[in-house]
Amino acid sequence: MTYCLAIRVNKGLVFASDSRTNAGVDYVATYSKMHRFSWPGERTLVLLSAGSLATSQSVVNAINSDLEDPEAPFNLRKGKHLYDLASYIGNLGQKEQQQHASALEKSNASAEASFILGGQIAGKASEIYMIYPQGNYISASDDTPYLQIGENKYGKPILDRIIAPNTSLEDAARCAMVSLDSTVRSNISVGLPIELAIYDEGSLAEPWHNKYSAFSPMYKSMQKQWNEGLRQAFSGLPRFDWEKED
């Protein structure tokens, strides 16, 4: 399991992902779930993945192969709209899942993988799309300007309370980190390091990107202040009637 999210605000996009692909008493593996593709001035894209690592890696390999092949009928640089690219990635995922479906069924394993694709194409507004294992996709809305894949329930409350279209990119990024941290604390299948990418609307430049481990000063400071803030807020909650002084 994993947890990835993308946030769309007026000033741009924020992407965040964990790095854990398996967890147990004797085995933990980490792989990047964030893949960036950028052609400055033309388009910039970020792809997040969750689910079967074999499927998601095969999809990324196919994307890179199509980009290198001048004879490929379609690739990330040929789509005129971001939804064209979402459909393309959905089709790649379906093809990979179907190729190994029978073998995986015998071992009760799943080849399903889901993706979030976000970015901007020159002349278009920035967007984010969630691509389901079935190959179909949805985009974020003004009412819910974020998308999640993987283990999403622990990190959702902070997004619902904070994220709005007019939220600054920096606040959206901090919110994304808190959302990831809340999930890491509550679910062993989601783990550090956290990857964070921030894209400025209209820049058509490669997103700012960083990775945070448990020892990163920024992550440690954010975690400490968030925990202290929650304790203070909890201590200030209204008292029950029987607790009030006469």
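Residues numbered from 1 in each chain as written. Predicted model: local features only at pLDDT ≥ 70, side-chain atom pairs only at ≥ 80, totals over all residues. Heavy atoms only, no water.

Moving on: the sheet that holds strand β5 (residues 34–39). Read across the sheet, 5 strands follow the order β5-β6-β7-β8-β9 without closing on themselves; strand pairing throughout is antiparallel. Of all strands in the sheet, those bounded by a partner on one side alone are β5 and β9 (137–139). Each neighbouring strand pair of the sheet contributes to a mean axis angle of 20°, computed without reference to strand direction. The pairing of strand β6 (residues 43–51) with strand β7 (residues 113–121) spans 9 bridges and is classified as antiparallel. (Pairing = 2+ DSSP bridges. Helix = DSSP H or I, 4+ residues; strand = E, 2+ residues; numbered from the N terminus. Axes fitted to C-alpha atoms, helices over the stretch in contact; angles between N-to-C directions.)

The next thing to look at is unusual backbone geometry. For the peptide bond that leads from Leu192 to Pro193, omega is 5°, which places it in the cis range. The residue Pro193 is located in the loop between α4 (169–186) and β11 (194–200) in this model. Positive phi, normally seen in glycine, also occurs at Leu204, with a value near 50°. Note that Leu204 resides in the loop between β11 and β12 (208–212). Exposure remark for Leu204: the relative accessible area of 13% places this residue in the buried category. (Buried < 20%, exposed > 50% of the residue type's maximum accessible area, 1.4 Å probe, protein only.)

As a further point, take the side chain of Ser126. Secondary-structure assignment places Ser126 in the loop between β7 and β8 (127–131). At a separation of 2.3 Å, a polar atom in the side chain of Ser126 contacts the side chain of Glu201. When near neighbours in sequence (up to four residues on either side) are disregarded, Ser126 contacts Arg8, Leu13, Gly119, Gln120, Tyr199 and Glu201. (Polar contact = N/O pair within 3.5 Å; in protein donor to acceptor, adjacent residues only side chain to side chain. Contact = heavy atoms within 4.5 Å.)

Another point: the side chain of Gln148. Among the secondary structure elements, Gln148 is positioned in strand β10 (residues 146–150). Within polar-contact distance, the side chain of Gln148 engages the side chain of Tyr3 at 2.8 Å. From its side chain, Gln148 meets the backbone oxygen of Asn152 in a polar contact 3.1 Å long. Non-local contacts of Gln148, meaning those with residues more than four positions away in its chain, are made with Tyr3, Cys4, Leu5, Ile116, Met130, Gly155, Lys156 and Leu159.

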